[in-house]
Amino acid sequence: AAVRIPFQRSVQSRERTTIVAAKAWGGRFEGQTDERVEKFTESISFDARLADVDVAGSQAHARMLAKVGMISESERDQIVAELDNIRGEIERGEMPFNTSLEDIHMHIESRLTERLGDTGRKLHTGRSRNDQVSTDLKLYTRAAIEHVDELLLETQKAFVEKAVADQKIVLPAFTHLQRAMPVLASHYWLAYCEKFERDRQRLADCRKRVNVSPLGSAALAGTSIPIDRQETARLLGFDEVARNSLDVSSDRDFLCEFVFDLSLISAHLSTWAEEWIIWFSTEFGFLKLPDAFTTGSSIMPQKKNPDVLELIRGKTARVMADVTQLLILIKGLPMAYNRDLQEDKLAMFDAYDTVVACLELVPAMVLGAELQVDRINSKIDDGFLDATALMEYLIKRGVPMRTGHETVGKLVGECDGRGIRLGDLTLAELKSVCDLIDDDVYSVLGTVNANAVLQSYGSGGRAAVEEQIAYWTARLDASEQ
Ligand code: ARG
């Protein structure tokens, strides 16, 4: 619902002769632009997807121009109506794009002028393409943030659904990919919810900087035309008007921020994908993935491969490259607009499209995946997941932590050598290393018991996890309203 994505079409340079005279900046030029230069400098091949926001920005600008008396009400109405027509044409793919008109802004303005003559020629009063591009990008980014946020919410819902369903399953949790301590599976699912929550918060914060209007900063210094910047900001739903025209016309911080936020979303998705690739292996066998989300091998008939997960992990590299590209792009630019900035869109669109493509798959994959409980349970008591619980048992009986750590370490070493578990040790054997141990020790030994004794806030034990589930269920229900 949020963003109307592109009417992206390839550039049709054949048609250049028909519109070549319409160059908006042609006044001081005698010779024509070299065709190779047009091809090199064009951005229409990738900025056509700004058409929708460009029209919205121009309509607001025209309304403001009428309000301050720079154009008449009838001129305003003609411009607004014709811009609607043009948007329709572009959406339907009826507008030919041409590199001689460089970008989407010039295409729309030249079509307007073609239709309305002098009235069309007034639209760009008190405006430059520099503030126009920046306005378009901000409107686009604002909608993109909303779109990504919706997808993250859907993702969170899927994880919460799994958390609710898997409350009885105990999982080994890993550090260094080594068995560490037992948690409820719900705790695992909700850990991802938290990561996506921070991603959503970062986007909401980024939006504050995005939603400041550059429109009216004109080329870089503002204008002598009595424009009303508050009015265009209001019409376009911006919360504020940028205070400094020089700053805002060179500002792409908001794109760096947005694409950084996307990078971190990608990083979260990538770590999740990596983990599931491991869990899906025969060696782990923790997970069953739906057939619809796995692929086969062209030579090995037995194979079921987690290609989708691998590509989610792989595409993360692109998004991270995009944020790097943006940072490098801006680092050498003197104030204010420099043509380098035209390249900003490529990085942002790529990062946005990539993250959207990934997020569109995640909820269905999460909901379709099944923890392989029999397999998980068959090895749940391997790896001394109860060692920390035993150490804490000793601490609660007055043993200093470091001493308890050493004692249990020795016991683990001994059990490991004998191929048994801590719970297999007799009380006499346990007492021989520490006579504070009683037979209630067996209520903390064993992985399930070691999970049950976890009680701190935010832990992977029953009470804390139920609290988290209640929190997330209420939160996501509230977001439905
Ligand atoms: N196509 C350009 C861009 O996307 C438009 C801005 C051009 N401004 C200029 N002063 N040449 O950045």
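Note: the structure precedes this text.
Below: a short report on this structure.

Scoring rules and cut-offs
Residues numbered from 1 in each chain as written. Predicted model: local features only at pLDDT ≥ 70, side-chain atom pairs only at ≥ 80, totals over all residues. Heavy atoms only, no water. Helix = DSSP H or I, 4+ residues; strand = E, 2+ residues; numbered from the N terminus. Buried < 20%, exposed > 50% of the residue type's maximum accessible area, 1.4 Å probe, protein only. 1 Å grid on protein atoms, 1.4 Å probe; cavity = no way out; pocket = protein on both sides within 12 Å on 5 of 7 lines; lining within 4 Å. Points joined across faces, edges and corners; volume = space filled by probe spheres on them. Nonpolar A, V, L, I, M, F, W, Y, C, P; charged D, E, K, R; others polar. Expected span 1.5 Å × (residues − 1).

### Topic: unusual backbone geometry
Cis peptide bonds are those with omega within 30 degrees of zero, and the linkage from Met335 to Ala336 qualifies with 0 degrees. In this structure, Ala336 sits in the loop between helix 13 (307-331) and helix 14 (344-359). One non-glycine residue, Glu102, adopts positive backbone phi at about 60 degrees. On the secondary structure map, Glu102 appears in the loop between helix 5 (73-91) and helix 6 (104-116). Judged by relative accessible area, Glu102 falls into the buried class, the value being 11%. A positive phi angle, close to 55 degrees, is found at His176, a residue other than glycine. Within the secondary structure, His176 is located in the loop between strand 1 (170-175) and strand 2 (178-184).

### A few points about the layout of surface pockets
Within this model, the second largest pocket holds a volume of roughly 300 Å³. Considering the residues around the second largest pocket, the lining is formed by 16 residues, among which Ala173, Phe174, Tyr188, Glu275 and Trp279 are closest to the centre. Going through the elements one at a time, strand 1, helix 9 (185-210) and helix 12 (253-280) are the ones with two or more residues in the lining of the second largest pocket. Per-class residue counts for the lining of the second largest pocket are 11 nonpolar, two polar and three charged.

### A short note on helix 4 (residues 51-67)
In a regular helix each residue adds 1.5 Å, so 17 residues correspond to 24 Å; helix 4 covers 24 Å between its end C-alpha atoms and thus fits that length. For helix 4, the tally of buried residues reaches 14 of 17 residues, placing the bulk of the element in the interior. A positive phi of about 85 degrees marks Gly69, the residue just after helix 4.

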